[in-house]
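# Structural overview
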Amino acid sequence: MRAFDRRHPLVWDVLVTGFFVTAAFTDVLGGGWRYITQNPQAPTWLIVTLSLGFTVPLLWRRTHPVAILLPMLPLAVVNAWTGTDLQSSLTLLVVTFNIALHTALRTLLASYAVTMIPIVVDGFRNATEQAADQSPDQTIVPQATRLAMVAIVGISYRTRQEYLASLVERAAQLEVERDQQARLATAAERTRIAREMHDIIGHNLSVITSLADGGSYAAAKNPERAAQALTAIGTTSRQALGELRRLLDVLRTDPSATEPPGAEPPGPALGPALGLEPPGMEMAPQPSLTDLDHLIEGVRSAGLPVRTTIHGYATALPPGRQLTVYRVIQEALTNTLKHGGPDATSTVSVSYGDGGAVTATVTDTGRGNTPHGNGTGGRGLTGMRERTALYGGTLESGPLPDHGWRVHLHLPEETPQ
């Protein structure tokens, strides 16, 4: 009903106004007003005028409650002064209720004060004509109390409406915040996936490209070297395929919801069939620093000489920090393969400290004036900085004074929980 009233407010206003007009004229035509009036000889035109004046303005009681009170007050004074005392004058209570419901408290108090005028007039008139029976307070106080109770009911109803509106607004705000948090979480997850995809595809394709170029050059003069390059390409491809499958498996929360019962996933069946993925790689964990030697061997097989220096042990380093160090070294070596030039060499130095602290430095002797992964909108350095920032670390990247490039990573000790 509230929803219908909001869409078609005039319907309810017409019904309410029609009810009071009908009740007023039933009272007039049936002569019922004569049983309570103090002036049975009141002319008919006055009775009809007062009845219309007290009921018809109710059509605008919700939109302009104060405006319709102003013309009704003189009619109420006439009704009290002449002793007509029509029951239709009780519609002033309806107007007072709507003033309390739709206007400020100051307006309500002012309206209450002016509405007391016909009540006071009626009280003194009764006291003058029936001094022995009634005093002014016996007629004024009950009517003033009745008017005050109606105003209090209006204030109470208005307070409840405002409370419900605040609950609705709060629920809508929470829904918006929930959607915003979901969008932020989705954006963060997409960024993480993009970073992982960049690390996996960028590194492995760079190695494969270098191996393919070297194999094509060696095919004519040294077939054995070309075969070694093809073997290395196959190994790197299997590694890249396995890492991509692991990443996609994380995204598939319910494989059975999208595949018919008994159907075999195309990826795991296709990989071994083509010889691109050995058995057991589908659910392998994320790479860690124990895979660093395998990473460096792959880069060496791609034609980039790498010298490593390790201080300390990574056994106490949490998996997340190990993955960060691994990805930074991987990205730095990949950039050297891409931008370092044919005669570049690289040096990797890793030092493990106490409490999860670790420092890694990757330098090369390539063309130091070429931005490594950050000059053409690439995500390489951005991804490394994002990973480093997760653990409150610092990442420095830039050319060396003579030639070459340097990437320096430092992760501080973990904060005790």
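For every chain, the first residue of the written sequence is number 1, and numbering continues from 1 onward in sequence order. In view of the model being predicted, local features appear only for residues whose pLDDT reaches at least 70, and side-chain atom pairs are presented and counted only at 80 or more, with totals across whole chains, interfaces and linings using the full set of residues. For the side-chain quantities, the full set of heavy atoms in the structure was used; hydrogens and water were omitted.

### A few points about the overall build of the chain
The way it works is that DSSP assigns letters per residue, a run of H or I at least four long becomes a helix, a run of E at least two long becomes a strand, and they are numbered from the N terminus. The number of helices and strands found in the chain is 12 helices and 5 strands. With a 1.4 Å probe rolled over the protein chains alone, any residue whose accessible area is under 20% of its type maximum counts as buried; one over 50% counts as exposed, and the rest are partly exposed. Buried residues in the chain amount to 37% of all 417 residues.

### Examining the pairing of strand β5 (residues 405-411)
Extensive coverage of β5 is indicated by the burial of 5 of its 7 residues. Note on pairing: two strands pair once DSSP finds at least 2 bridges between them. Looking at chain direction, strand β3 (residues 358-364) and β5 are connected through 7 bridges and run antiparallel. Paired with V362 across the two strands is V407, which belongs to β5. What sits between the antiparallel neighbours strand β4 (residues 394-399) and β5 is a turn of 5 residues, in which G404 has the positive phi angle 105°.

### Digging into the sheet that holds strand β1 (residues 306-311)
Within the open sheet, the 5 strands sit side by side as β1-β2-β3-β5-β4. Their pairing is mixed. Of all strands in the sheet, those bounded by a partner on one side alone are β1 and β4. For this sheet, the mean angle separating the axes of adjacent strands, direction not counted, is 5°. In this sheet, β3 lies alongside strand β2 (residues 346-352) in antiparallel orientation, the contact comprising 7 bridges. Axis geometry follows a simple rule: fit a line to the C-alpha atoms, using only the stretch in contact for helices, then measure angles between N-to-C directions, giving values from 0 to 180 degrees.

### Structural notes on the nonpolar core
As used here, the term nonpolar core means buried Ala, Val, Leu, Ile, Met, Phe, Trp, Tyr and Cys residues forming a set that is joined through side-chain atoms within 4.5 Å. In this structure, L289, L292, V325, I329, L333 and V350 are the most contacted members of the largest nonpolar core, which totals 36 residues. Every element with two or more residues in this core is listed here: α7 (136-218), α8 (223-251), α10 (292-301), α11 (319-339), β2, β3, α12 (380-390) and β5. When residues in this core are grouped by element, the largest group, 7 residues, is from α11. Ignoring sequence-local partners within four residues, the contact set of L333 consists of I296, V299, L304, V306, S346, V348 and V362. Contacts were defined at the residue level, with two residues in contact if any of their heavy atoms lie within 4.5 Å.

### Focus on helix α2 (residues 9-30)
One less than the number of residues in a helix, times 1.5 Å, gives the span that helix is expected to have. Taking 1.5 Å per residue as the helical rise, α2 with its 22 residues ought to reach 32 Å, and the 32 Å between its terminal C-alpha atoms agrees with that figure. Listed as buried for α2 are D13, V16, T17, A24, D27 and V28. Taken around the axis of α2, the buried residues stretch over an arc of 110°, which confines them to a single face. Summarising the geometry of α2, the exposed residues directed more than 90 degrees from the buried face are L15, F19, T22, T26, L29 and G30. Elements that come into contact with the buried residues of α2 comprise α3 (44-55). Within this analysis, the arc is defined by the directions that extend from the helix axis to the C-beta atoms.

### Quick look at helix α5 (residues 91-102)
With 12 residues, α5 should cover 16 Å at 1.5 Å per step; its first-to-last C-alpha distance of 17 Å lies within 8% of that length. Turning to α5, its buried residues number three or more, namely T91, L92, V95, T96, N98, I99, A100 and L101.

### Some points on the confidence of the model for the chain
Predictor confidence is given residue by residue as pLDDT, running from a minimum of 0 to a maximum of 100. Of the residues in the chain, 84% have a pLDDT of 70 or more, and the chain-wide mean is 80. Per-residue pLDDT, averaged within each element of the chain, yields its smallest value for helix α9 (residues 266-274) (34) and its largest for β3 (93). Ignoring residues within four places in sequence, the model shows residues 373-377, a span with pLDDT below 50, making 9 contacts including any to other chains.

### Overview of the environment of F20
Tracing the backbone shows F20 in helix α2. Every residue in contact with F20, bar those within four places of it in the chain, is listed here: T55, L58, T91 and V94.

### Observations concerning the packing of α10 against α11
Interaxial distance between α10 and α11 falls to 11 Å at its minimum, and their mutual angle equals 5°. With respect to each other, α10 and α11 are oriented roughly parallel. For the pair α10 and α11, contact is made by L292, L295, I296 and V299 and by Y326, I329, Q330, L333 and L337, respectively. Class assignment of the residues belonging to the contact of α10 with α11 gives a composition of 8 nonpolar, 1 polar and no charged. Oblique is the label for any angle not under 35 degrees, not over 145, and not in the 65 to 115 range, which are roughly parallel, roughly antiparallel and roughly perpendicular in turn. Note on residue categories: nonpolar means Ala, Val, Leu, Ile, Met, Phe, Trp, Tyr, Cys or Pro, charged means Asp, Glu, Lys or Arg, and polar means any other residue, Gly included.

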